[in-house]
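# What the coordinates show
Letter by letter, the chains look like this.
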Amino acid sequence: MENNQVEIVGHDVEWNKVKLMRAFVEREDPVSKDVDDLMLRRFLRARDLDIEKASNMFLKYLKWRQAALPNGSISELEIPNQLAEKKMFAQGFDNKGHRIGVVFVAKHLAYKRDLEEFKRFVVYILEKLCASTPSGQEKFIAIADLQGWGLSHCDIRGYLAALDILQNYYPERLAKAFLIHVPYMFLATWKIVYPFMDKNTRKKFIFVENKNLKATLLQDIDESQLPDIYGGKLPLVPIQDSR
């Protein structure tokens, strides 16, 4: 079978499973009727097209969302300390139309953070990035800049909380995450966090050598869309001001 025929068959299999999944989740929770097929497909893909596992994951998400975003969104008034650190930015799109988010990890003050506020901040970020994706696009990319990161910035509980939210409630939203300016001591932290990543998430993280930084980013991002601090032409915009 030709490659394009395989893709078509695989595509049909996915959408057939989406229909079966929809019938199941709508019986369990009528709120499911309000979500589109693309969302259901993301949960299916996150569970390797296993309808039962994907359905359970999705139903858990609906309950979580009702509790985490009772008003439908996170207010900036709920995350003042996190916004004050000025560590998260969003600007531009990569060559596939993915929104670009940039986080300066060393601006995260681990000793000051309140875990519940931090989790709200993570949800706020993900909601902003997802809402600003173009029509027909589902994913975003992230640049995690670890310039200046040290032990005082290490926040294992925070990292694991963010990972849990990303994997379980925003599956298949992350396209790639570039880790740049990575200090050697960060690798010990990475070894602790890595086992908590599912196989689909692990392959999306890319460590970039300093000497190849701009060249690596330019493989995915045109210079006109690349943040100016990495040799591109777009200034960074704070996440709260991004559109």
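Before reading further, recall that the structure is shown in the block above.
Owing to the predicted nature of the structure, the values given are computational and were not obtained by experimental measurement. (Residues numbered from 1 in each chain as written. Predicted model: local features only at pLDDT ≥ 70, side-chain atom pairs only at ≥ 80, totals over all residues. Heavy atoms only, no water.)

## Things to note about the side chain of D220
Applicable threshold: Each helix is a run of DSSP H or I of at least 4 residues and each strand a run of E of at least 2, with the numbering of both proceeding from the N terminus. Two N or O atoms form a polar contact when they lie within 3.5 Å of each other; inside protein one atom must be a possible hydrogen donor and the other a possible acceptor, and for residues adjacent in sequence the pair counts only when both atoms belong to side chains.
Here D220 is to be found in the segment after α9 (213–218). Side chain to side chain, D220 and K176 meet in a polar contact 2.7 Å long.

## Some remarks on the pairing of strand β1 (residues 88–93)
Put simply, the test is: Partly exposed describes any residue whose relative accessible area lies between the buried limit of under 20% and the exposed limit of over 50%, with all areas from a 1.4 Å probe on protein chains only and scaled to the type maximum. By this definition, two strands are paired if DSSP reports at least two bridges between them.
Within β1, 5 of the 6 residues are buried, which leaves the element mostly enclosed by the surrounding structure. With 4 bridges connecting them, β1 and strand β2 (residues 99–104) associate as antiparallel partners. Among the inter-strand pairings, F93 is bridged to a residue of β2, identified as R99. A loop of 5 residues connects β1 with β2, the two strands running antiparallel in sequence, and G97 in this loop sits at a positive phi of about 90°.

## Observations concerning the pattern of salt bridges
Cut-off, in case you're wondering: The term salt bridge refers to a pairing of a side-chain nitrogen on Lys or Arg with a carboxyl oxygen on Asp or Glu at a separation within 4 Å.
The full count for this structure, using the stated rule, is 16 salt bridges. The salt bridge involving E209 is made with K211; its shortest N-O contact spans 3.9 Å. One network of salt bridges, with partners in common, ties together E14, R41, R42, R45 and E138.

## Remarks on the pairing of β2
If a strand is regular, its side chains alternate between the two faces of the sheet. For the record, the criterion: For crossovers, right-handed means that the path from the first strand over the helix to the second runs clockwise, given strands pointing away from the viewer.
Counting buried residues along β2, 5 of its 6 residues qualify, which places the element largely inside the surrounding structure. With 6 bridges joining them, β2 and strand β3 (residues 140–145) adopt parallel strand pairing. From the neighbouring strand, F104 faces β3, where its bridge partner is D145. The parallel pair β2 and β3, bridged by helix α5 (residues 115–131), forms a crossover whose chirality is right-handed.

## Here we look at the sheet that holds β3
Filter applied, for reference: For helices, the axis comes from a line fit to the C-alpha atoms of the stretch in contact; other axes are also lines fit to C-alpha atoms, and the angle between any two N-to-C directions lies between 0 and 180 degrees. By the convention used here, residues are in contact when the closest approach between their heavy atoms is within 4.5 Å.
Strands sit in the order β1-β2-β3-β4-β5 across an open sheet of 5 strands; the sheet is mixed. One side of each edge strand has no neighbouring strand; the edge strands of this open sheet are β1 and β5 (205–207). Between one strand axis and the next, the sheet turns through 20° on average, direction left out of account. Pairing of strand β4 (residues 174–180) with β5 involves 3 bridges; the strand directions are parallel. Opposite L179, over in β5, you have F207 as the bridge partner. Running at roughly 15° to β1, α5 makes contact with β1, β2 and β3 of the sheet.

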